[in-house]
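Topology and contacts: notes
One-letter residues, chain by chain:
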Amino acid sequence: MKILPVIVICVANVTACHAASVSWGAAIDTGIIDTSGAALATQNVVRIGYFGTFTNQQVQANALTPSGITALNSDWHQFAQSTIGTNTFSPGSFSESSSPLYSSLPGFTPSSQIYFWALKSSDPVNNPLTTVTQTAIGYVPFANLPAWRFPASDVSPGVSIDISQLSNANSVLLAGTYISASSSSLNPIFGTANHAVQLANVSAVPEPSSFAIGVITALAAVGSRNRRRK
Amino acid sequence: MKTNRSLLRQLAAITALLLPAVASFAQTTATTDPVGFVTMNISGNGGSGQPAYTFTTLGMTNAVAYQATTSSVTGSTTLVDLNSTWADNAYNGAGGTVTHYVEIVSGPGAGTTYDVSATSASAHTLTLTQPLASNIATGASYKVRPHWTIASVFGAANQNGLAGGNSTTADQIQLFHNNAYLIYYYQTSGLGGTGWRQSGAPFVDASATVIYPDDGLLIARLQSGNTSVVVQGAVKTGQTSIPVVSGYSLLGNVYAAAMTLGTSNLYTADPNTGLAGGNSTSADQVMFWNGTGFNVYYYQTSGLGGIGWRQTGAPFVDATTAPIPVNAALFISRSGAPFNWIAPQFPASFN
């Protein structure tokens, strides 16, 4: 009779009473560091999901600007989100087990490639996307590591992944860098034989059109001042 | 997996070794349950790099710790036995942690099971975490057994056959509880020290996680070679009441003998007590892992092909004898209200 609680839940919603399971984390020997080399602070956001239409090249092209991040997010199909420090209680690490209901993820395609996305934000609790300052996006092709694929159905076996697998020769980091050398900021967490995924800066750059207008305006101002001097 | 005949030979072979231990546990009445072992055969991946999946179950119970008859049933969650000789907290852990369960073994409600959350010597009571079935009568016989745990089945130090590692390299035990797979593994590296862990909780000891006798288990193995885990215990006797929830349940054959779809009593012609019949799309389903996906069976009551057990895609082929072997796990997909699957004892007799 151990499943009485399940019975109660299931009566409420028959179709949603099961879920695909993904365990994911940075909890083996590889942590997450920011551009200064510091372990990524707790409460910063990490996510798994996949991009709907963007190619890898488009993800790469958009990953390092705020407007690009917004565009990526609009194409993002999220399976789960967590925060640094979850279940590990330390910066630069986390461990999470996620079992969302596929029926609660409209438009989500089972069996898709799992992408990992980490964000460093100035306001990670309330506005992790609009205040993002650094990021990393990566994955291991499921052809090389089958666990990096969302379960095919609600009753398909759960999978476990960890960012240490981004050391795989076939892994792809569309933003950020895999650091094989030990990072001193991770020593207290993982010991001295650690590795890291280092975030990359997200910085505002002018749009080409507004940049051109700015240049023309500046040139005009300089010309006008020169004319007045004459 | 052992055939029924070879299994019974094994049971006979070690009964003499285990019976004295069983008798020493029993406070009131010596148990006569047959004892023995079954072997969970777990597939390796042959070096493919892909996880190899084995759906299995324990197929044995722990030896009876206590058995007697109830003096009364006070309230819905209290079992009273005025002749009991148990000590306080004998059948529960600290803080009401569940370590044992009660099975009613006679009369109405036979085969139903209930976790024990408190044991009182002075009041002669067992407090249960689930309400007793309403029709259980005073004088019903009951048995108390320790639960299996991850540590008791697979070894406190993972010495019984699975490979340890980290969350991505160790063999995994996956239980389907509360609407999702819960993943367990033996951690030897990574954050959180050494020991049994649940994925997502690397610092928390999971060795005492209960594996219920009717749980189906999914073992995901990343090692090349096959392995096996031997489960020693008592053979389940008597009928068993197995809760089937709405949605999906991952269940196991609780007996140390095979049954078939036809003999399982999963279909009773009453959707309140068994699976709902229908056609391939409307009937409740029984699903067996075939290595890459699930073979799906249902009880056909309409559509082409007549009436009876069928496999999807073969509406004319009788599947009544499709086996539910020893150690087999099966998913049940139930669209209606929950019910209790009353599985008859297998084998029907031990003579």
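What counts, and at which threshold
Residues numbered from 1 in each chain as written. Chains lettered and ligands numbered in written order. Predicted model: local features only at pLDDT ≥ 70, side-chain atom pairs only at ≥ 80, totals over all residues. Helix = DSSP H or I, 4+ residues; strand = E, 2+ residues; numbered from the N terminus. Buried ≥ 20, exposed ≤ 12 C-beta atoms within 10 Å, placed from the backbone. Contact = placed C-beta atoms within 7 Å. Rg over C-alpha atoms; globule rule 2.2 N^0.38 Å. pLDDT = per-residue confidence, 0-100. Core = buried A, V, L, I, M, F, W, Y, C linked by C-beta atoms within 7 Å. Pairing = 2+ DSSP bridges. Axes fitted to C-alpha atoms, helices over the stretch in contact; angles between N-to-C directions. Nonpolar A, V, L, I, M, F, W, Y, C, P; charged D, E, K, R; others polar.

Remarks on the overall build of chain A
Assigned secondary structure in chain A consists of 5 helices and 12 strands. Residue burial in chain A is summarised as follows: out of 230 residues, 43% are buried. Considering only intrachain contacts with a sequence separation of at least 6, the fraction spanning at least 24 residues in chain A is 72%.

Remarks on the overall build of chain B
For chain B, the helix and strand inventory stands at 2 helices and 25 strands. Taking 20 Å as the expected radius of gyration for a compact globule of 351 residues, we find that chain B reaches 21 Å, a close match to that expectation. If one aligns the C-alpha atoms of chain B with their principal axes, the spans along those axes are about 60 × 50 × 40 Å. Relative to its full complement of 351 residues, chain B shows a buried share of 48%.

Observations concerning the confidence of the model for chain A
With 81% of its residues at a pLDDT of 70 or more, chain A has an overall mean of 86. Counting contacts from residues 209–219 of chain A, a segment whose pLDDT is below 50, to residues more than four positions away or on other chains yields 2 contacts.

A word on the nonpolar core
Core analysis: the largest hydrophobic core is formed by 145 residues, its most contacted members being Tyr115(A), Ala118(A), Val102(B) and Leu330(B). Counting residues per element, this core draws most heavily on strand β12 (residues 180–187) of chain B, at 7 residues. In contact with Val102(B), other than residues within four places in its own chain, are Leu79(B), Thr113(B), Tyr114(B), Val116(B), Leu126(B), Leu128(B), Tyr142(B) and Val144(B).

Brief notes about the sheet that holds strand β8 (residues 159–162) of chain A
Residues and elements named next belong to chain A. Taken together, the 3 strands give an open sheet; going across it, the order is β5-β1-β8, and neighbouring strands pair in mixed fashion. Across the chains shown, the open sheet's two edge strands, defined by having one partner strand only, are β5 (94–98) and β8. Taking each pair of neighbouring strands and ignoring which way they run, the sheet shows an average axis angle of 10°.

Some words on the sheet that holds strand β21 (residues 294–300) of chain B
Residues and elements named next belong to chain B. Read from one edge of the open sheet, 5 strands run β18-β24-β20-β21-β22, paired in antiparallel fashion. Edge positions in the sheet fall to β18 (247–252) and β22 (308–311), since each of these pairs with one other strand and no more. For this sheet, the mean inter-axis angle between neighbouring strands, taken without regard to orientation, is 25°. Of the pairings in the sheet, the one linking strand β20 (residues 285–289) to strand β24 (residues 329–334) comprises 3 bridges and is antiparallel in character.

Observations regarding the environment of Val144(B)
Residues and elements named next belong to chain B. Within the secondary structure layout, Val144 lies in strand β9 (residues 141–146). Between the C-alpha atoms of Val144 and Asp115, which are 29 residues apart in sequence, the distance is 9.5 Å. If sequence neighbours within four positions are ignored, Val144 has contacts with Val64, Ala65, Tyr66, Gln67, Tyr91, His100, Val102 and Val116.

Considerations on the interface of chain A and chain B
Counting from both sides, the interface comprises 38 residues of chain A and, opposite them, 37 residues of chain B. At 7 residues, the largest contribution of residues to the side of chain A that touches chain B is made by helix α1 (residues 4–12) of chain A. A breakdown of the residues in the side of chain A that touches chain B according to their chemical character gives 20 nonpolar, 13 polar and 5 charged.

A short note on the pairing of strand β7 (residues 132–139) of chain A
Residues and elements named next belong to chain A. The buried count for β7 comes to 7 of 8 residues, which makes it a mostly enclosed element. Two elements, strand β6 (residues 115–121) and β7, share 6 bridges in a ladder whose sense is antiparallel. Looking at β7, one finds that Lys120 is bridged to Gln134. Sheet topology note: the β7/strand β12 (residues 200–201) ladder contains 2 bridges and is antiparallel. Directly across from Thr135, in β12, lies its bridge partner Ala200. Relative to strand β9 (residues 172–175), β7 runs antiparallel, the two sharing 3 bridges.

Some details on the confidence of the model for chain B
All names here are of chain B. Confidence in the prediction of chain B, expressed as mean pLDDT, is 90, and 90% of residues score 70 or more. A low-confidence stretch, residues 1–30 (pLDDT under 50), is modelled with 54 contacts involving residues beyond four sequence positions or located in other chains. Predicted complex metrics record ipTM = 0.80 and pTM = 0.84.

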